[in-house]
Amino acid sequence: MINIRTFKFAPVAAALIGAASVATAQEPTPVEVTALLGVTGPLASLDVPTSEGIKLAASQVNEGGGFEVDGKMYRLDVNVVDVQGRPDQAVGAARQLLNDPSVIAILGPVASSLAVPVAEISQPRMLQLTPSTITQTMIGQPGKELLFNTLNPQYGETGIASGYVDWLKANILDSEGISSIALLLPNDSFGQLQVDFFSEAFAEIGLETTAVEIFEPGTSDFSAQLTKIKGGEPDALFWGYTDEVGKTIIRQALELGVTKKFIAAPGPSGASAADQSDRIDFAVWPSSVVSLSNPSDSMTEFVDAYEAQVGRDINPGDQFALYLYDATRMLVEAMKAAGSVDDKEKIAEALRGLQYSGVMDINVSDQGQFLTDWDVGLMRTGGDIEWTTVKAN
């Protein structure tokens, strides 16, 4: 097991710079990784901040002349390919990367509808680090030894979803008088997983499901589904997909008088409710990572650096910047430990079992699953957000 304790954005101490003077005198050799992200299209609200987090990580790795592996200096070159939120574009880009020996790893995609088909063709030939929910069921399988998932497990007894349901029961349902709920979820593998899990989980805690409505990805008008849901008079609406979809769902639900109480599935952030904060009773969501509002020194430093990079203050949607930020830096640490920047099997072996302290404290399982603490966000009327940290199982 490799223990990495790192992280400060401050410059490297002068003594260390002096010790590495011979290595840094040479021009660092590029190490190429490619991020497959939809920075335009329907997934942009997830993938734009994710891409900014990756780029920030790379720029920090490259400060001071790059990083040293086996006595040689390297720099991390990240190429962000815009796959426009389309599975066919992601698969096509991945096929090209498999024929490019200079690319060491794929970062992403974020959405399972893209990440799963990419993983099916990338394995076992390419390192792939993805926060996708569905790929959590693929890691550790024969032929998937180069596949890693960078978010906590979402489902199963130890997943975020189970902990989230427990948190809702203890903190929201009774206090808000919620005894019934309606589900509005997408017609894809991600949505079906949520329907299956949450329908059963809600029933187990005595919560009545009044309706389950499905929408096609790309839908921009949810009034038909919400009108049906309204007929069942649910106390709250449970929804899932992207922040942009959530903004429309919440606005239309308020306009139609469905409910003022909104519970999001794992995936979106508080940005979905921010525009309607004066009209809601509450909106709640589980963050698969620690909140950007966490008062730790490492988070404060990350937020300062991120805001400097993007040229504005953070907003709730910037939470996704953490989906691959630490993972990008951990990939470099694994290269150092492996003594190689191009032996993918050795790098993967070094990454498995890694304990890393960056913005978040992360442990990597022997199967390639990243594990960290996570937060639940609760937005009340007016937009104030309360955060609760849940310890990793």
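No experiment lies behind these values; they were computed from the predicted model shown.

*Asks:* Sorry, what's going on with the overall build of the protein chain here?
*Replies:* Scanning the protein chain from N- to C-terminus turns up 13 helices and 17 strands. Taken against the 2.2 N^0.38 rule, which gives 21 Å for 393 residues, the C-alpha radius of gyration of the protein chain at 21 Å falls within 12% of a compact globule. By its C-alpha atoms, the protein chain is 70 × 40 × 35 Å across when sized along the principal axes. Residues counted as buried form 56% of the 393 residues belonging to the protein chain. Long-range contacts, defined here as pairs at least 24 residues apart, represent 67% of the contacts in the protein chain between residues at least 6 apart. Counting every atom, the protein chain has about 15,700 Å² of accessible surface; 48% of that belongs to carbon and sulfur.

*Asks:* Any chance you could explain the environment of Ala 271 here in plain terms?
*Replies:* Relative to the assigned elements, Ala 271 resides in helix H10 (residues 271-274). Judged by its relative accessible area of 13%, Ala 271 is buried. Apart from the residues lying within four places of it in its own chain, the contact partners of Ala 271 are Asp 243, Lys 247, Pro 316 and Gly 317.

*Asks:* I tried to follow the nonpolar core on my own but got confused; where do I start?
*Replies:* A general trend in soluble globular proteins is that nonpolar side chains are found buried together. Ranked by internal contacts, the top residues of the largest apolar core, which has 56 residues, are Phe 67, Leu 127, Phe 302 and Met 335. Counting residues per element, this core draws most heavily on helix H12 (residues 325-338), at eight residues. Counting residues in hydrophobic clusters, the runner-up holds 29 residues, among them Ile 160, Leu 168, Val 195 and Trp 374.

*Asks:* It is not clear to me how the packing of aromatic side chains should be interpreted in this structure. Could you clarify?
*Replies:* The full count for this structure, using the stated rule, is 13 aromatic pairs. For the ring pair Trp 285 and Trp 387, a centre distance of 5.7 Å and an interplane angle of 90° mean the geometry is edge-to-face. Separated by 102 residues along the polypeptide, Trp 285 in strand S12 (residues 282-287) and Trp 387 in strand S17 (residues 385-390) bring together distant segments of the chain. Residue Trp 285 is classed as buried on the basis of its relative accessible area of 3%.

*Asks:* Would you explain empty space enclosed by the protein in this entry?
*Replies:* Where empty space is left can be seen by rolling a probe of water-molecule size over the atoms. One pass over the full model with this rule turns up four cavities of 30 Å³ or more. In this structure, the largest cavity spans a volume of roughly 260 Å³. Of all the secondary-structure elements, those providing two or more residues to the lining of the largest cavity are helix H5 (112-122) and helix H7 (189-204). Residue composition of the lining of the largest cavity, by class: ten nonpolar, nine polar and one charged.

*Asks:* Would you explain the sheet that holds S17 in this entry?
*Replies:* In a beta sheet, neighbouring strands are held together by backbone hydrogen bonds and run either parallel or antiparallel to one another. Read from one edge of the open sheet, seven strands run S9-S8-S10-S11-S12-S16-S17, paired in mixed fashion. Lying at the two open borders of the sheet, with one neighbouring strand each, are strand S9 (208-215) and S17. Along the sheet, successive strands turn relative to each other by an average axial angle of 20°, direction set aside. Pairing between S12 and strand S16 (residues 374-380): six bridges, direction antiparallel.

*Asks:* What should I look at first to understand the packing of helix H3 (residues 44-62) against helix H11 (residues 297-310) in this one?
*Replies:* Helix packing for two helices is described by the angle between their axes and how far apart those axes are. Between H3 and H11, whose axes approach to 10 Å, the crossing angle comes to 105°. Classified by the angle between their axes, H3 and H11 sit roughly perpendicular to one another. Note on element contacts: H11 touches H3 through Phe 302, Ala 305, Tyr 306, Gln 309 and Val 310, opposite Pro 49, Glu 52, Gly 53, Lys 55, Leu 56, Ser 59 and Gln 60. For the contact of H3 with H11, the per-class residue count stands at six nonpolar, four polar and two charged.

*Asks:* Honestly, the confidence of the model for the protein chain in this entry has me stumped. Any pointers?
*Replies:* In low-pLDDT regions, the fine details of the predicted coordinates are not to be read closely. Summarising the model, the protein chain shows a mean pLDDT of 91, and 93% of its residues fall at 70 or more. Under a pLDDT of 50 for its full length, residues 1-24 has, in the predicted model, 40 contacts with residues more than four places off or in other chains.

*Asks:* I'm lost on H7 in this one. Help?
*Replies:* An α-helical segment advances 3.6 residues per turn. Residues three or four places apart therefore align on the same side. With 16 residues, H7 should reach 22 Å at 1.5 Å per residue; the first-to-last C-alpha distance of 23 Å fits that figure. Looking at the buried positions of H7, the neighbouring elements they touch are helix H6 (160-173), strand S8 (180-186), S9 and strand S10 (236-239). Regarding H7, its N-cap is Asp 188, as a side-chain oxygen of that residue lies 3.2 Å from the backbone nitrogen of Phe 190 further along. Positive backbone phi, approximately 80°, marks Gly 206, located one or two places after H7.

*Asks:* I keep staring at the pairing of S9 and nothing clicks. Help me out?
*Replies:* Looking along a regular strand, one sees the side chains alternate between the two faces of the sheet. Alignment of S8 against S9, held across seven bridges, turns out to be parallel. In the sheet register, Ala 182 faces S9, and the bridge partner there is Ala 211. Handedness of the crossover joining S8 and S9 through H7 is recorded here as right-handed.

The rules behind the values
Residues numbered from 1 in each chain as written. Predicted model: local features only at pLDDT ≥ 70, side-chain atom pairs only at ≥ 80, totals over all residues. Heavy atoms only, no water. Helix = DSSP H or I, 4+ residues; strand = E, 2+ residues; numbered from the N terminus. Rg over C-alpha atoms; globule rule 2.2 N^0.38 Å. Buried < 20%, exposed > 50% of the residue type's maximum accessible area, 1.4 Å probe, protein only. Contact = heavy atoms within 4.5 Å. Areas by Shrake-Rupley, 256 points an atom, 1.4 Å probe, with all protein chains shown as cover. Core = buried A, V, L, I, M, F, W, Y, C linked by side-chain atoms within 4.5 Å. Phe/Tyr/Trp six-rings, centres within 6.5 Å; stacked < 30°, edge-to-face > 60°. 1 Å grid on protein atoms, 1.4 Å probe; cavity = no way out; pocket = protein on both sides within 12 Å on 5 of 7 lines; lining within 4 Å. Points joined across faces, edges and corners; volume = space filled by probe spheres on them. Nonpolar A, V, L, I, M, F, W, Y, C, P; charged D, E, K, R; others polar. Pairing = 2+ DSSP bridges. Axes fitted to C-alpha atoms, helices over the stretch in contact; angles between N-to-C directions. Parallel < 35°, antiparallel > 145°, perpendicular 65-115°, else oblique. pLDDT = per-residue confidence, 0-100. Expected span 1.5 Å × (residues − 1). Polar contact = N/O pair within 3.5 Å; in protein donor to acceptor, adjacent residues only side chain to side chain. Right-handed = clockwise from strand over helix to strand, strands pointing away.

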